[in-house]
Structures are given as structure tokens and as C-alpha cells.
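So the chains spell out like this:
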Amino acid sequence: MLELQNIQVRYGYMVALKDVSLKVGTNTVTALLGANGAGKSTTLRTISGLNRAYRGKIELDTGEKKEIQNIEPSKIVNMGIVLTPEGRQIFPELTVHENLLAGAYTVKSKSQVKQSTEEVFSLFPVLNERRKQLGGTLSGGEQQMLAIGRSLMASPNLLMLDEPSLGLAPKIVEQIFDILIKLKSQGKTIFLVEQNANLALHICDYAYILEVGNVTLEGDGQTLLRNESVQKKYLGG
Amino acid sequence: MILQQVILGLRDGSLFALVAIGLVILFKTTGLLNFAYGSMGMFAAYIVFTFVVFVSTPLWLAVIIGMAFAVALGLTAERFLLRPIRHLSRSALLIITLGMLMILEGLALQIWKQDYRQLPPLVTGRPMIIRFSDIFLVIPQQDILIFWITGFTVLGIFLYLKYTKMGLAIRATAQKEEAARLMGIRVNTVYAFSWGLAAGLSALAAVLAAPRTQIHPSMMIDLQIHGLIAAVLGGFESIPGAIVGGLLLGIIEQLVGSYISVELKLTFALVVVIIVLLIKPAGILGKTSRRRV
């Protein structure tokens, strides 16, 4: 579905990603793990077009191959790549329903929007209960559900999630991951960035480990779970 | 007596509110205070004047032409002046709008010379007369029209922002720009729309004010200052706040003018604003600092 080749990203003189190459396969969950500041968010932001790639290319394959590096975010969304950003970034003064409608901004057909809304509501019933409430009044977990639901409104081919478990109580994290498993079983392609390596490795098909701007390790989830250095660094020994 | 002053205050205030709304919408979406806001309206007023006097266009048509011109001016400014340098600091953009103000004033002076120009009121007819026991209050039709137009404009903007897709995009961008971009919203379009809308509102305010202020290159300066104060008073990020701020400012000025001193009415009005802000730093309807980053 998506392939990054030798991507380098800089913030001014600081190199955030040195040389990142990875692949996200169709209908799979791919995880990108690493410590704080390793460049995980930068990778997603670069795919989304929020950051510029200084070098390298990003290839999207949906039947035909296209190079999509350094294209503005609205076009990336139109190609079916949607990012649920770190920190959720929901619109605090729009209602839950309006937040979802904003997520469907690129969708032309009204019946399609209606259908997606119902799908999101059946996935997250709590959002339906709170549909008239302002986004800013939701709890952290509900905001994360709203953020994911909002991304799903565009019916993305590739859903990218940046730290969906960040700052949430363990119970809520479990709920969020249950949803991800459900999405996976529906055949959605997901690119997941996580600090919670244990959970991410359990649900993903394939994972990459990012260390200070480089991919240092990759493999399928089960293999990495058994890997010694992964256990020591990311799974608490 | 007080009631009379309040009515006169509302008359001025609705014009302040109209100006404030444009400033607030632009600030909310683009995070920018536009110094050239009034000048765009001033230029449009000259256009209206030119069409009425030299082309003998009917006034209503000339007003539409003038507003269309202002919208085009706003869109052009956004596209060719502001957009290419949007990555620069906020203060750099501010200076650009100050430069625009000077250019527009200079151009107006070159084209239409220094004379004060007249624009007839949009409506004439018997003024409304209100009687308080032995005092008569005469309100020209134009002032009543200003009141209506402000009301309908506000209603129109409210409905547009609430119920259209573009309106949703504007609100989303104003709240969280980056998240809006991730929804596929084109921020450029939203910015351009706000600039066009603000310029159109400024033109409307200028045309409505013109019979009283006459048309000259700095005709809108006073109104822009009042609009700015009104916006600050209302919290600067809130359209209802801008309306309340505008009306309140109009009333305060009238009261100060009639009970204290006409010369000092702006001064005292500003003192009142400072007091209000000391009590409620975020403005009357503002929310405590949620800064755009």
C-alpha cells in the first residue's frame, strides 16, 4: 500500500529522520515503535504532508503507483490517507457530530456521510450519546474515540494512528485496542505509532523499531515480542 | 433623557459592531489583525462614489459593485500579499497590512484628490421621530437601515457558519488549524474566504457611514479604532462579543458625551474599556486565554 524509501526529514539543521525505509502492506496492521523523540510522529506527519521530506520518496500503491512525498495535506486526505494526530486534536468548540462532519469534509455524497456516521456510532456508541455535546467537554478516552471516529468518516484506505493510548487509563487503552482489533478484522489497513510496545506488538502483523531517526529492527509482531533487545528496551525486561 | 442617549448610542454602536465583526472573523480564522481593514472599505466607498457620480449608476447597483470590488481586493491581498509570506512571524504579517493601509490611502489620494466627497444616504424619507414627554428624538432612516443591516448581516453570518460545509471548515480552522488540514480542509480557501468576507463587510460599513463621515482617504480610521475597541471589549474571538462590545461602546460614548464632555468622549470610553478589561481580562464574552499556536 505504502512504501517509504530513504526518507530524511530535517527541522532546520536538526535531522529528525536520517534514513527511514519501511512498508505498510494492504489489509495489515503495521506498527512503528520507539522511544520518545525517535521520530515516530515525524514519520506520520511527513506521510501526511505536514512535514517536508528533505530526501527520499514515498510511494502509494492503490492499483497504480504514485509518488506522494511533499504533497499538501488536503490532497493526501483525498488519496485516502488519513492521520489521527497525536494528542487527539479534536475541535473543542464543535459538537461531537460536527467533529465527525469535519472528518467527512472530503466526502461529496451526503448519503455516504450519513452511512459513515452510523458506522462510527455503532463502533463507538458513547459518541452517539454525546453527539450534541461540545468536543472539549469529553473525557480523554471519549476524545480519542472521537478522533478515531472522525478519521474513519473519510473512509480511508490507510488509517494512521499516532499514539492512540497516550495519557489514557489502562482500561480505556484496552477499549481503544479492542476497536483497533475490530477494524483490523474488517480488513482496514492501519499504520500504528505507539509507545505501548506490548499492546502494539500483540495486534500488529509487522513492526518497525525506530531509534534516533533510523529503523534499527523490523519483523512480525510475534518475532519482535520474543526478541531479547526489544524485551529489554521496550517491554520492561 | 438616558433612554434617548441609549438609543443614539445604539445607532453608533451598530456601526461599530459591523466593523468589529469583520475584524473578529478575520482574526479568528487567520490569527491576524488587519490594519488595512477600514481602508479596503474606504476604497470601495470611492468606487461607489465614482459609479454614482461619473457613470450615473443607481446607488444600490453602485453599492453592489463597490462591495464586489472590495471582496476582490480582499481576495487579491490574501493571495498575492499574505499567502506567500504566511510562514513569517505574525508581526511581519501585521506590518504588511499596515503597508496595505498606506498604499490604499495613498492611491485614493492620487486618484480622487483631497476633496471630501459626498455620497447620498441609501434611504431617504421621513425620519423616525420618538417623543419623550417634552424631548423629541429624530432618527434618520439611514440610521434605522444601519441597524437592520447589522442585524441581518449578523444573522446571515451566523447561519452560514453554523449550517454550511464551508462554515464548518472555517470554524474548524479557527479552532485547530492543523487538525483542520488533516481533515482535508484547504486552509488557503478558508483564509481567502475570510479575507473576502471581511473586505465586503468593511465596504458595507464604509458605504453606510459615508453620508455622515463624507468620503476621504482616512474616513474609516475613526470607525476602525472604534471597531477594534468594540472587538477587544467583546473578547476579540467572539462574534456575539463583538456585537455586544460595539453596542456598549456606542452607548458609553453617548453617555460620556452628554454628561461629561463631548471632546473627551473617546478618552472616557477608553477608560471604561480599561476598567472592564481589568475586571474581565478576557473581554465580556471572551474565554480565558486559549492561544492559537
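Residues numbered from 1 in each chain as written. Chains lettered and ligands numbered in written order. Predicted model: local features only at pLDDT ≥ 70, side-chain atom pairs only at ≥ 80, totals over all residues. Heavy atoms only, no water.

**Focus: the overall build of chain B**
Reasoning step 1: Helix and strand counts for chain B come out as eleven helices and two strands.
Reasoning step 2: Order of helices (α) and strands (β) in chain B, N terminus to C terminus: α-α-α-α-β-β-α-α-α-α-α-α-α.
Reasoning step 3: On C-alpha atoms alone, chain B measures out to a radius of gyration of 19 Å, which is about the 19 Å that the 2.2 N^0.38 rule sets for 293 residues.
Reasoning step 4: Looking at the 293 residues of chain B, the share that counts as buried comes to 49%. (Helix = DSSP H or I, 4+ residues; strand = E, 2+ residues; numbered from the N terminus. Rg over C-alpha atoms; globule rule 2.2 N^0.38 Å. Buried < 20%, exposed > 50% of the residue type's maximum accessible area, 1.4 Å probe, protein only.)

**Quick notes on the domain arrangement of chain A**
A common way to state how big an interface is: give the accessible area lost once the parts meet.
Residue and element names in this part refer to chain A.
Reasoning step 1: Under the domain assignment used here, chain A contains domain 1 (1-80 + 158-237) and domain 2 (89-155).
Reasoning step 2: Using C-alpha coordinates to define each centre, domain 1 is positioned 23 Å away from domain 2.
Reasoning step 3: On the domain 2 side, the residues contacting the 14 residues of domain 1 number ten residues.
Reasoning step 4: Of the roughly 1,000 Å² buried at the junction of domain 1 and domain 2 (both faces included), carbon and sulfur atoms supply 81%.
Reasoning step 5: When residues of domain 1 are sorted by the area they lose upon contact with domain 2, Leu 159, Ile 176 and Ile 179 head the list and together hold 34% of the total.
Reasoning step 6: Scanning the region where domain 1 abuts domain 2 turns up zero salt bridges.
Reasoning step 7: Seen at the junction of domain 1 and domain 2, the total is zero residue pairs in polar contact (both at pLDDT 80 or more).
Reasoning step 8: Mapped onto the side of domain 1 that touches domain 2, the elements with two or more residues apiece are helix 2 (73-78), strand 7 (158-162) and helix 7 (170-185).
Reasoning step 9: For the side of domain 1 that touches domain 2, the element with the most residues is helix 7, which contributes six residues.
Reasoning step 10: Classifying every residue of the side of domain 1 that touches domain 2 gives nine nonpolar, two polar and three charged. (Domains from an automatic or database assignment. Contact = heavy atoms within 4.5 Å. Buried area = accessible area lost by both parts, 1.4 Å probe. Salt bridge = Lys/Arg side-chain N within 4 Å of Asp/Glu carboxyl O. Polar contact = N/O pair within 3.5 Å; in protein donor to acceptor, adjacent residues only side chain to side chain. Nonpolar A, V, L, I, M, F, W, Y, C, P; charged D, E, K, R; others polar.)

**Some thoughts on a nonpolar patch on the surface**
Reasoning step 1: Side chains of B:Trp148, B:Phe152, B:Leu155, B:Phe158, B:Leu159 and B:Tyr163 sit close together on the surface and give an oily, nonpolar patch of about 730 Å² of accessible area.
Reasoning step 2: Judged by its relative accessible area of 41%, B:Leu159 falls in the partly exposed class. (Patch = residues over 30% accessible without salt bridge, like charges linked within 9 Å, V, L, I, M, F, W, Y side chains within 5 Å. Areas by Shrake-Rupley, 256 points an atom, 1.4 Å probe, with all protein chains shown as cover.)

**Examining helix 1 (residues 2-30) of chain B**
Residues separated by three or four positions in an α-helix point in the same direction, a consequence of the helix having 3.6 residues per turn.
Reasoning step 1: When the terminal C-alpha atoms of helix 1 of chain B are compared, their 40 Å separation across 29 residues agrees well with the 42 Å that a helix rising 1.5 Å per residue should span.
Reasoning step 2: Backbone geometry just downstream of helix 1 of chain B places B:Gly31 in the positive-phi region, at approximately 70°. (Expected span 1.5 Å × (residues − 1).)

**Notes on the packing of helix 1 of chain B against helix 5 (residues 141-163) of chain B**
When two helices pack together, their arrangement is captured by the angle between the axes and the distance separating the axes.
Residues and elements named next belong to chain B.
Reasoning step 1: At a minimum axis distance of 9 Å, the contact between helix 1 and helix 5 shows a crossing angle of 30°. As summarised for this structure, helix 1 and helix 5 are arranged roughly parallel, according to the angle between their axes. Seen from above, helix 1 lies across helix 5 with left-handed handedness. Each of Leu 10, Arg 11, Ser 14, Leu 15, Ala 17, Leu 18, Ile 21 and Ile 25 in helix 1 lies in contact with helix 5, whose residues at this interface are Asp 143, Ile 146, Phe 147, Thr 150, Thr 153, Val 154 and Ile 157. (Axes fitted to C-alpha atoms, helices over the stretch in contact; angles between N-to-C directions. Parallel < 35°, antiparallel > 145°, perpendicular 65-115°, else oblique. Left-handed = near helix turned anticlockwise from the far one by under 90°.)

**Observations concerning the interface of chain B and chain A**
Reasoning step 1: Taken together, the contacts link 19 residues of chain B with 25 residues of chain A.
Reasoning step 2: For the pair chain B and chain A, the summed buried area comes to about 2,200 Å², and 59% of that belongs to carbon and sulfur atoms.
Reasoning step 3: By the criterion of area lost to chain A, the three top residues of chain B are B:Gln175, B:Leu182 and B:Met183, representing 32% of everything that side buries.
Reasoning step 4: Between chain B and chain A we count three salt bridges in total.
Reasoning step 5: Between A:Glu98 and B:Lys162 there is a salt bridge, with the nearest N and O atoms lying 3.5 Å from each other.
Reasoning step 6: In this structure, the connection of chain B to chain A is made through six residue pairs in polar contact (both at pLDDT 80 or more).
Reasoning step 7: Those elements that place two or more of their residues in the side of chain B that touches chain A are helix 6 (165-175) and helix 7 (177-182) of chain B.

**Focus: the side chain of A:Thr46**
Reasoning step 1: Locating A:Thr46 in the fold gives a position in helix 1 (residues 40-48).
Reasoning step 2: At 2.6 Å, the side chain of A:Thr46 forms a polar contact with the backbone oxygen of A:Thr42.

**Details of the packing of aromatic side chains**
Reasoning step 1: Counted under the stated rule, the structure contains eight aromatic pairs over all chains.
Reasoning step 2: An angle of 15° between the planes, with centres 5.9 Å apart, marks the rings of B:Phe43 and B:Phe69 as stacked. With B:Phe43 in helix 2 (residues 37-54) and B:Phe69 in helix 3 (residues 59-82), this pair connects stretches of sequence that are 26 residues apart.
Reasoning step 3: Their ring planes at 80° and their centres at 5.4 Å tell us that B:Phe43 and B:Trp112 sit as a pair that is edge-to-face. Taken as a pair, B:Phe43 in helix 2 and B:Trp112 in helix 4 (residues 90-112) lie far apart in primary sequence, 69 residues in all. Each member of the pair B:Phe43 and B:Trp112 is classed as buried.
Reasoning step 4: Through a chain of ring-to-ring contacts, three or more aromatic side chains come together here, namely B:Phe43, B:Tyr46, B:Phe69 and B:Trp112.
Reasoning step 5: Geometry around A:Tyr54 places A:Arg10 over its ring, the cationic atom sitting 3.9 Å from the centre.
Reasoning step 6: The ring of A:Tyr105 carries B:Lys165 above its face, with NZ or CZ at 5.4 Å from the centroid. (Phe/Tyr/Trp six-rings, centres within 6.5 Å; stacked < 30°, edge-to-face > 60°. Lys NZ or Arg CZ within 6 Å of the ring centre and 35° of its normal.)

**A look at a positive patch on the surface**
Reasoning step 1: Where like charges cluster on the molecular surface, the positive patch consists of A:Lys108, A:Lys110, B:Lys165 and B:Arg186.
Reasoning step 2: Along the chain, B:Arg186 turns up in the loop between helix 7 and helix 8 (187-213).
Reasoning step 3: Residue B:Arg186 is classed as partly exposed on the basis of its relative accessible area of 38%. (Lys, Arg positive; Asp, Glu negative; His and termini not counted. Charge placed at Lys NZ, Arg CZ, Asp CG, Glu CD.)

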